[in-house]
Amino acid sequence: VTPRVLLVGAGAVCGLWLPVVARMADAELCALVDLDPARARALLAAHGVEAAVETHVAAALARHRPAIVADLTPPASRRAVDEAAFAAGCDVIAEKPLAGSLDEGRALVGLADAAGRRLVVMQNHRHHPGARALRAAVAAGQLGDVALVAGELHRRVERFERAAAMAHPFLGDMAIHDFDQARHLTGREPERVLVHERNPAGSEFPSGAVAVCTFLMTGGCVFSYRGSWAAGGLETPWFGEWRVDGSRASARWDGAGRPVVETFERHTEAGPQFSRRELEVAPGPNDHPAAVPALIGALAAGEPVDSEARDNLRSLAMVTAAIESAERGQWVEVAGG
Ligand SMILES: NC(=O)c1ccc[n+]([C@@H]2O[C@H](COP(=O)([O-])OP(=O)(O)OC[C@H]3O[C@@H](n4cnc5c(N)ncnc54)[C@H](O)[C@@H]3O)[C@@H](O)[C@H]2O)c1
């Protein structure tokens, strides 16, 4: 059956969901909820989409009887929205980050379990066919034993209030995309982290626009990460730029095109010889246009996804441990979820 989908929160990220859900043949947008109905109406008009506008989640759930609720509100509203959705028998897709703290995230997972419903997290960066191809190559052992994953993200981000109000805006809002991607690409889990956080001159945020992080991952793998919202130039794609080094081969992904794998062949008198190939990347959309149908479709079909909230707690734990390390200037253990 075609699932009825209720969108809650008509803010910036809803602008990425609305056009996708509205055009899905196998999902039905039943209403858009926002505390500010004018905001919801303006967003619908901007995308040329017609749907009911509601201002209260519980009333909207009772009136429209959705199967799936997309919680597109900030983490501070997550519990109120998701608890109501579970009580109405809905599965929930929550935007990243799942919660503002690990305890809040665990509580949400507990609520879903108690209600017998599913809670999954939108980690849209997993849904790039280039990232999927790189993950598949790593998982198939094409790189050998993975020793290092290095990622970097450099963007010039205009101050926005939700993040500016945080003590650690980059780590608290952005870093989860790349922390989660490191787990996705390598299949390794985080153990400990050391972070240097800075707010360089020219940053548009009051604090913490830059973070340099070293994670020790399972199996002796190191995840080295440099992230910035205060780039003076040379932005990376939003998906970041990645390198994975294994015992047999290294791979690079520029966050946009096809990953490249280079494999050591032999030493010669002219130096080491490598063979190089580009990975096949499935055609099709990336980001929310890929992720939204994938998550809705999996919930409707009762199929697993790779960003179930219980699993996503490990990525959330990387954020909370990174923040603690930035504050204490020491290595911090990453909780097991
Ligand atoms: N995956 C991505 O690429 C991506 C991009 C941007 C934002 N996000 C995430 O999406 C979430 C929302 O961010 P945003 O930038 O859209 O925020 P926003 O502030 O622009 O919009 C949030 C909207 O939710 C509404 N809202 C809050 N509580 C509500 C409630 N209880 N009931 C109904 N409506 C409520 C607010 O009125 C507001 O209109 C955040 O968690 C953010 O991290 C993800």
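Residues numbered from 1 in each chain as written. Predicted model: local features only at pLDDT ≥ 70, side-chain atom pairs only at ≥ 80, totals over all residues. Heavy atoms only, no water.

A. Spotlight on the sheet that holds strand S3 (residues 52–54). Here six strands make up an open sheet; going across it, the order is S3-S2-S1-S4-S5-S6 and the pairing parallel. Of all strands in the sheet, those bounded by a partner on one side alone are S3 and strand S6 (119–122). When strand polarity is set aside, the average angle formed by the axes of neighbouring strands in this sheet is 25 degrees. Pairing analysis gives four bridges linking strand S5 (residues 91–95) to S6, with the strands arranged parallel. In the strand pairing of S6, alanine 94 is matched with valine 121. The strands touched by helix H4 (residues 75–87) within the sheet are strand S1 (4–8), strand S4 (68–71), S5 and S6, with S5 carrying the most contacts at an inclination of about 165 degrees. (Pairing = 2+ DSSP bridges. Helix = DSSP H or I, 4+ residues; strand = E, 2+ residues; numbered from the N terminus. Axes fitted to C-alpha atoms, helices over the stretch in contact; angles between N-to-C directions. Contact = heavy atoms within 4.5 Å.)

B. Seen up close, helix H6 (residues 129–139). Those residues of H6 that sit buried are Pro129, Gly130, Ala131, Ala133, Leu134, Ala137 and Val138. Contacts made by the buried residues of H6 are with strand S7 (146–154), helix H8 (169–186), strand S11 (241–246) and strand S12 (249–253). Just downstream of H6, glycine 141 is the residue with a positive phi angle, here 80 degrees. (Buried < 20%, exposed > 50% of the residue type's maximum accessible area, 1.4 Å probe, protein only.)

C. Spatial organisation of unusual backbone geometry. The peptide bond linking lysine 96 to proline 97 adopts the cis configuration, its omega dihedral lying at -20 degrees. Relative to the elements of secondary structure, proline 97 occurs in the loop between S5 and helix H5 (102–115). Phi at leucine 234 takes a positive value of approximately 50 degrees, unusual for a residue other than glycine.

D. Layout of the pattern of salt bridges. Following the criterion strictly, the structure yields 26 salt bridges and no others. Between arginine 79 and glutamate 83 there is a salt bridge, and its shortest N-O distance comes to 3.6 Å. One end of the pair, arginine 79, and the other, glutamate 83, are both in helix H4, four residues apart, so they sit about a helical turn from each other. Glutamate 83 gets classed as partly exposed once you look at its relative accessible area, which sits at 36%. In this structure, the salt-bridge partner of arginine 159 is glutamate 161, at a minimum N-O distance of 3.0 Å. Among the charged side chains, a network of salt bridges with common partners joins Arg126, Arg132, Asp180, Arg183, Glu189, Asp306 and Asp311. (Salt bridge = Lys/Arg side-chain N within 4 Å of Asp/Glu carboxyl O.)

E. Just the layout of surface pockets, in detail. Estimates place the volume of the largest pocket at around 1200 Å³. For the lining of the largest pocket, the secondary structure elements donating two or more residues are helix H3 (57–64), H4, H8 and helix H9 (288–301). Ranked by the residues each element gives to the lining of the largest pocket, the list is headed by H4, at six residues. Taken together, the residues of the lining of the largest pocket break down into 22 nonpolar, ten polar and nine charged. Empty space within the second largest pocket amounts to approximately 380 Å³. Along its surface, the second largest pocket is lined by 17 residues, and Ala99, Gly100, Met166, Gly172 and Ile323 are the ones closest to its centre. Elements that contribute at least two residues to the lining of the second largest pocket include exactly H4 and helix H10 (309–328). Among the elements that line the lining of the second largest pocket, the one with the most residues is H10, at six residues. (1 Å grid on protein atoms, 1.4 Å probe; cavity = no way out; pocket = protein on both sides within 12 Å on 5 of 7 lines; lining within 4 Å. Points joined across faces, edges and corners; volume = space filled by probe spheres on them. Nonpolar A, V, L, I, M, F, W, Y, C, P; charged D, E, K, R; others polar.)

F. Just the side chain of arginine 155, in detail. Along the chain, arginine 155 falls in the loop between S7 and helix H7 (161–164). In this structure the side chain of arginine 155 is engaged in a polar contact, spanning 2.7 Å, whose partner is the backbone oxygen of threonine 236. Ignoring sequence-local partners within four residues, the contact set of arginine 155 consists of Ser228, Trp229, Ala230, Ala231, Glu235, Thr236, Pro237 and Trp238. (Polar contact = N/O pair within 3.5 Å; in protein donor to acceptor, adjacent residues only side chain to side chain.)

G. Local environment of the site of the ligand. With respect to spatial proximity, 24 residues lie near the ligand, and among them Val13, Asp34, Arg39, Ser77 and Asn124 are the closest. Take arginine 39: an N or O atom from its side chain is 2.8 Å from an oxygen atom of the ligand. In this structure, lysine 96 approaches the ligand through a main-chain N or O atom, which is 2.8 Å from an oxygen atom. Protein burial of the ligand: of its 850 Å² of free accessible surface, 82% is covered by the chains. More than half of the atoms belonging to the ligand lie within 2 Å of the grid points that define the largest pocket. Those elements that place two or more of their residues in the shell around the ligand are H4 and H8. In terms of residue count, H4 provides more of the shell around the ligand than any other element does, four residues in total. Taken together, the residues of the shell around the ligand sort by class into ten nonpolar, seven polar and seven charged. (Near = heavy atom within 4 Å. Areas by Shrake-Rupley, 256 points an atom, 1.4 Å probe, with all protein chains shown as cover. Sits in = over half its atoms within 2 Å of the grid points.)

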